[in-house]
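What follows is each chain in one-letter form.
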Amino acid sequence: MTQPLVISIDAMGGDHGPSVTVPAVWRALKDLPADVRVLLHGDEAQVAAEVGKCAGLAVRAEIRHAERVIGMDEKPAQALRRGKDTSMWNAIEAIREGEAGVAVSAGNTGALMAISKLILRMSADLDRPALVASIPHAKGLTTFLDVGANVDCDAERLVEFAIMGEAYHRAAHGVARPTVGLLNVGSEEMKGHEEVREANRILREGHIDLEYRGFVEGDDITQGTVDVIVTDGFTGNVALKSMEGAARFMYGELRAALTAGPFSSLGALLARPSLLRFRDRINPPPAAPLLGLNGLVLKCHGGAGDREFAKAVRAAADVAQSGFASEIERNMRRLPAALAPAAPAPADGAA
């Protein structure tokens, strides 16, 4: 018999803490099966005060007191040294202890990656986890990684990300044979820095059973050119935040234009449901799973409001029910052969 899902929440994480995370959790739970429960990790007094404002939440939530909070400006090494008994640490530890199936935090990204890796360890001989985002386009969603976990990546890391992203897209979006591309400044083979060119060579010449399509460019992210686009965390984070900013700008300009006068305001009122759907459609999802761990962790952006954090909690429930972790492990068995040097060609006249 399948056990009911328990979601572990870093209630203190992000720019707003319990005043946003707790009501967001209650909003999300209303859309999830009645047997889904949450663990709320944080300062007991603050969290309990917010739970008390959400009638019915106390029945489905358990508050776990944490003495400290990891600051948004703390370096990962510092967070590891003083992380024990913080809300983030305890939220991740609940997965290792088998008390929860997935964790969600809007806290410090570097600290979350470091603590998750320390507590949960990497699966299938992977080196580092990667943050993945699902970017909307006209035909569906593009799986885009890494979007901030690893600023510097060598060729082998990019190949790992390709394998992880392909497995995630197949499991999360039901595509039997996802196509994969490497983000570059051009589609020509000679373009890009050494690491991305070497990753391209490995993906083309290695024995990896991927539907690899070569280099793609920035505008391909939102065109659906390939299902999975791979890059380093520095480039991916800049691209993701640029898309988020552009989405907010477009929605703001459209809203301003539609409320510029009495007649246009009336039209905007009538079109409000469509405008809200438009806003939700063009915004990248607020939650990014950390791929490659022996456990499921989702990162929500630090400035998330209650609507966005609620989406992250609902996404966590969806991810917990997908089989992408086993897909990644199966795919990673292909990596050693792909990285092995090519066998030398036989000498002339050899049998």
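Quick note: structure is the one above.
These numbers were taken from a predicted model, which means no experiment stands behind them.

Chemist: Looking at this structure, how should I read the pattern of salt bridges?
Modeler: Side chains that differ in sign of charge can pair as their charged atoms come close. In total, this model carries 17 salt bridges according to the counting rule given. In this structure, Arg-82 and Glu-74 form a salt bridge, with 2.6 Å as the shortest nitrogen-oxygen distance. On the basis of relative accessible area, Arg-82 is assigned to the partly exposed category, the value being 27%. A residue is classified by how much of its surface remains accessible, and Glu-74, at 11% relative accessible area, is buried. A salt bridge links Arg-177 to Glu-211, with the shortest nitrogen-to-oxygen separation between them at 3.2 Å. Here Arg-177 is found in the loop between helix H7 (155-173) and strand E7 (179-183), whereas its partner Glu-211 is found in strand E8 (residues 211-216), with 34 residues between them in sequence.

Chemist: Looking at this structure, I do not really get a nonpolar patch on the surface. What am I missing?
Modeler: The grouping of Val-151, Phe-234 and Val-238 at the surface amounts to a nonpolar patch, some 290 Å² of accessible area in total. Looking at where Val-151 falls in the secondary structure, it is placed in the loop between strand E6 (140-145) and H7.

Chemist: What is the right way to read the environment of Ala-312 from this model?
Modeler: Summarising the element assignment, Ala-312 is placed in helix H12 (residues 306-320). For the pair Ala-312 and Ala-24, spaced 288 residues apart in the sequence, the C-alpha separation amounts to 9.1 Å. Setting aside chain neighbours within four positions, we find Ala-312 in contact with Val-104, Pro-286, Ala-287, Leu-298 and Cys-300.

Chemist: Help me out: how do you make sense of helix H9 (residues 233-258) in this one?
Modeler: Count 3.6 residues to each turn of an α-helix, and residues three or four apart come out pointing the same way. When the terminal C-alpha atoms of H9 are compared, their 37 Å separation across 26 residues agrees well with the 38 Å that a helix rising 1.5 Å per residue should span. Gly-233, Gly-236, Ala-239, Leu-240, Met-243, Glu-244, Ala-247 and Tyr-251 are the residues of H9 that are buried. Of the residues that open H9, the one with a side-chain oxygen 3.0 Å from the backbone nitrogen of Phe-234 is Asp-232.

Reading the values: rules and limits
Residues numbered from 1 in each chain as written. Predicted model: local features only at pLDDT ≥ 70, side-chain atom pairs only at ≥ 80, totals over all residues. Heavy atoms only, no water. Salt bridge = Lys/Arg side-chain N within 4 Å of Asp/Glu carboxyl O. Buried < 20%, exposed > 50% of the residue type's maximum accessible area, 1.4 Å probe, protein only. Helix = DSSP H or I, 4+ residues; strand = E, 2+ residues; numbered from the N terminus. Patch = residues over 30% accessible without salt bridge, like charges linked within 9 Å, V, L, I, M, F, W, Y side chains within 5 Å. Areas by Shrake-Rupley, 256 points an atom, 1.4 Å probe, with all protein chains shown as cover. Contact = heavy atoms within 4.5 Å. Expected span 1.5 Å × (residues − 1). Polar contact = N/O pair within 3.5 Å; in protein donor to acceptor, adjacent residues only side chain to side chain.

Distances and angles like these do not, on their own, reveal function.
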